[in-house]
Amino acid sequence: MHSHGANSSIANAVNRRFGRRSLLKGIGAGALTAGLGAAGQGIAHAEEESLVDVVIIGAGYAGAMVARELGAKGLTTVVLEASDRVGGRIWTDTWAGEQIEVGGQWLAPQHQLVNKELARYNITTYGDPIPDRVIVAGSTGLKAVTPDEAAKLVTPLWTEFYKGSEKYFERPAEPLYRKDLLAAVDPLSLADRLKQMNLSPAEVNLLTGETSVYSGGPSTLGSLTGMAQWYQLSGGTYEAYTNTIGRRPVGGMTAILNAMLRENFTPVVKNSPVTRISDPGTGKVTVWTASGRRYKAPAVVVATSTNAWKNITFEPGLPKAHAQATTQGIGVPHGTKMWLHIKGKIDATTGTAPEGSPILMMVPQKQLADGRLMIAFTGPGLDVNNPVKVQEAVQLWIPGAQVLKSRAMAWGTEKWAAGAWGFRRPGQLTGLFPQIEQPHGRIVFAGADIAQGWHGAFIEGALESGLRASSQVLTLVK
């Protein structure tokens, strides 16, 4: 609980930060102090229209990076968030008495921007449990092997799968550097690459759990270049690639985000879905929310998932690349993450099952007094709301397991994200980039979906995209 004196101190800081003009345009200091104890601040509006330097749509990592960087340059910003929380496809929550991640969960040692943010805010990380056993596809279903045995089975296959990517992603952080070589591979789906390898059915089954998970459905949906770029960014070996999953920040995945929003007292207006953005070419862009509230600014940053762009009316309409991206979708359609509380002392079990299985991937989490927490990524065919079906699916992995409870998030049907993690489809890298990163008049776009480097499933990409968008805004408003 804050005292009145503490609120007054925050109000004074807000007054210094936003200055006279913003306060006169309806962003009251009293309203701001109501939520500044934690990121995700609320703003009450006494007038119909607010004028700021930059309107940012989406309170995820890309939006937070834009807000912080522009705030450091003295620009006034407001973040409009459609949902009742910050984070977007990142969602730290509590379940089974433990902190969990409903959405994105892991950081990688290769994520340079994330590591800078961790150091900036003095946030430490910790690791997931080390697996005791690995589930792989056997000749008659799933079988358990040791981690070393699993590595011997799949590493040669994945090495062959990514063969050639060291050439077409010679500079993986600059994915179009060898566009000449990409022309032949970017049209390929993950399924296309598997067919090229002339694998036995058993070998295919060892790989398709992973390709299906990242595609968010059949392996025909995801692009070879999407996974191959991650592979090369990781270091170009399967061992290095597997190290991109396993580290978590103390305080949850929103810990860095909250610190970023707090740094310049960035106002976030929740429950404010944007319905329309108009840039008539007069030097001011108008943004309407579903409530009818209007915001005007010299620049607007759309920092939502690409799938959500189609829910906004853009005037004038979106450029070809942007319209194609939101029509096709970059966020995967069937990405469902499920938390499981399994009774008893359970081995730390990980692994993948063949495409079409009810559970495609499993990752061990904390062992509790009465059972172990596990994460499962499910196929589109599993009814995650049916406890009997969930238990049957888990018992294919852990015979005799008793699921005490489960919690699932079907990100593909989430209203505001309109899809799960970003994962480019065949042809989208060469077909959409670099055009999709360019401003549309005074409207700038950001988000992990359209990052050049660690695109899609990693907040590293959101941070990268936010930095790029910030520079573009400064060019527009200088």
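As a reminder, the structure under discussion sits directly above these lines.
Not measured: the values here are computed from a predicted model.

Q: Residue-level account of the overall build of the protein, with values.
A: Check the secondary structure of the protein and you find 16 helices and 21 strands. Here the protein holds 478 residues, and the buried ones make up 57% of them. Contacts spanning at least 24 positions in sequence make up 72% of the contacts within the protein whose residues lie at least 6 apart. Total accessible area on the protein stands at roughly 19100 Å², and carbon and sulfur atoms take up 52% of it.

Q: I'd love a proper account of helix α9 (residues 201-215), names of residues and values included.
A: An ideal rise of 1.5 Å per residue puts 21 Å on 15 residues; α9 measures up with 20 Å between its terminal C-alpha atoms. The largest bend along α9 measures about 40° and falls at L207. Every buried residue of α9 is listed here: L206, L207, T208, G209, E210, T211, S212, V213, Y214 and S215. Looking one or two residues past α9, G216 carries a phi angle of roughly 70°, positive in sign.

Q: How would you explain unusual backbone geometry if you had to name every residue and give the values?
A: Most peptide bonds take the trans form, and the phi angle of most residues other than glycine is negative. Cis geometry is found at the peptide bond from E315 to P316, where omega equals 0°. Cis rather than trans, the peptide bond between F433 and P434 has omega equal to 5°. Looking at where P434 falls in the secondary structure, it is placed in the loop between α15 (428-432) and β21 (443-445). With phi around 55°, A96 is a residue other than glycine that occupies positive phi space. Tracing the chain through its elements places A96 in the loop between β4 (92-95) and β5 (98-101).

Q: If you had to explain the sheet that holds strand β11 (residues 274-278) to someone new, which residues and values would you point to?
A: Strand order in the open sheet made by the five strands is β1-β13-β12-β11-β15, with mixed pairing throughout. Two strands in the sheet have a free side with no partner beyond their single neighbour: β1 (49-51) and β15 (313-315). Across the sheet, the axes of successive neighbouring strands diverge by a mean angle of 15°, strand direction being ignored. Pairing of β11 with β15 involves three bridges; the strand directions are parallel.

Q: Go over the nonpolar core with me, naming the residues and quoting the values.
A: Among the nonpolar cores identified, the biggest contains 80 residues, and V55, M227, I277, V287 and V302 are the most heavily contacted of them. Among the elements that take part in this core, helix α10 (residues 224-234) stands out by supplying six residues, more than any other. Looking at which domains feed residues into this core, each of domain 1 (49-90 + 251-331 + 421-475) and domain 2 (129-244 + 336-410) supplies at least three. Residues within four places of M227 in sequence aside, it is in contact with W158, Y162, L190, E210, T211, Y214, Y241 and F423. With 39 residues, the next largest nonpolar core counts Y61, M260, A299 and A448 among its residues.

Q: Before we move on, could you go through the pattern of salt bridges and cite the residues and values that matter?
A: Enumeration over the complete set of coordinates arrives at 13 salt bridges. Among the salt bridges present, the one from R248 reaches D128, with a minimum N-O distance of 3.9 Å. With R248 in strand β9 (residues 247-249) and D128 in the loop between β6 (125-127) and β7 (133-138), the pair connects residues that are 120 residues apart, well separated along the chain. No difference in accessibility class separates R248 from D128, as the two residues are buried.

Q: If you had to explain the sheet that holds strand β17 (residues 349-352) to someone new, which residues and values would you point to?
A: An order of β8-β7-β17-β18-β19-β16-β20 is seen for the seven strands of this open sheet, with the pairing classed as mixed. Edge positions in the sheet fall to β8 (141-145) and β20 (403-410), since each of these pairs with one other strand and no more. Averaged over all pairs of adjacent strands, the angle between their axes in this sheet comes to 20°, without regard to strand direction. By the bridge criterion, seven bridges tie strand β16 (residues 336-343) to β20 in an arrangement that is antiparallel. Considered in β20, the bridge of I342 is made with V403. With respect to the sheet, helix α5 (residues 147-161) is in contact with β7 and β8, its orientation differing from that of β7 by roughly 40°.

Q: Can you lay out the side chain of T326 for me, pointing to particular residues and giving the numbers?
A: Inspection of the secondary structure assignment puts T326 in helix α13 (residues 320-328). At a separation of 2.8 Å, a polar atom in the side chain of T326 contacts the main-chain carbonyl oxygen of T306. Of note is the side chain of T326, whose polar atom sits 2.9 Å from the backbone nitrogen of K310. Setting aside residues no more than four positions away along its own chain, T326 makes contact with T306, N307, A308, W309, K310 and L318.

Q: Got a sec to walk through the pairing of strand β13 (residues 294-297)? Specific residues and values, please.
A: Alternating positions in β13 separate cleanly, Y295 and A297 being buried on one face and R294 and K296 remaining unburied on the opposite face. Here four bridges tie strand β12 (residues 285-289) to β13, and the two strands are oriented antiparallel to one another. Within β13, the residue paired with W288 across the bridge is R294. Taken together, β12 and the strand that follows it, β13, pair antiparallel across an intervening segment of four residues, in which G292 is found at a positive phi of about 95°.

Q: How would you explain the packing of aromatic side chains if you had to name every residue and give the values?
A: In total, this model carries 17 aromatic pairs according to the counting rule given. Each ring, one from F161 and one from Y162, has its centre 5.0 Å from the other, and the planes form 85°; the classification is edge-to-face. Judged on exposure class, the residue F161 and its partner Y162 are both buried. Aromatic ring contacts, followed pair by pair, group W158, F161, Y162, Y231, Y238 and Y241 into a single cluster. Directly above the ring of W106 sits K337, whose terminal nitrogen or CZ lies 5.7 Å from the centroid. In this arrangement the basic side chain of K405 is found over the ring face of W95, its NZ or CZ atom lying 5.4 Å from the centre.

Cut-offs used in this document
- Residues numbered from 1 in each chain as written.
- Predicted model: local features only at pLDDT ≥ 70, side-chain atom pairs only at ≥ 80, totals over all residues.
- Heavy atoms only, no water.
- Helix = DSSP H or I, 4+ residues; strand = E, 2+ residues; numbered from the N terminus.
- Buried < 20%, exposed > 50% of the residue type's maximum accessible area, 1.4 Å probe, protein only.
- Contact = heavy atoms within 4.5 Å.
- Areas by Shrake-Rupley, 256 points an atom, 1.4 Å probe, with all protein chains shown as cover.
- Expected span 1.5 Å × (residues − 1).
- Bend = angle between axes of the 7 residues up to and from the residue.
- Pairing = 2+ DSSP bridges.
- Axes fitted to C-alpha atoms, helices over the stretch in contact; angles between N-to-C directions.
- Core = buried A, V, L, I, M, F, W, Y, C linked by side-chain atoms within 4.5 Å.
- Domains from an automatic or database assignment.
- Salt bridge = Lys/Arg side-chain N within 4 Å of Asp/Glu carboxyl O.
- Polar contact = N/O pair within 3.5 Å; in protein donor to acceptor, adjacent residues only side chain to side chain.
- Phe/Tyr/Trp six-rings, centres within 6.5 Å; stacked < 30°, edge-to-face > 60°.
- Lys NZ or Arg CZ within 6 Å of the ring centre and 35° of its normal.

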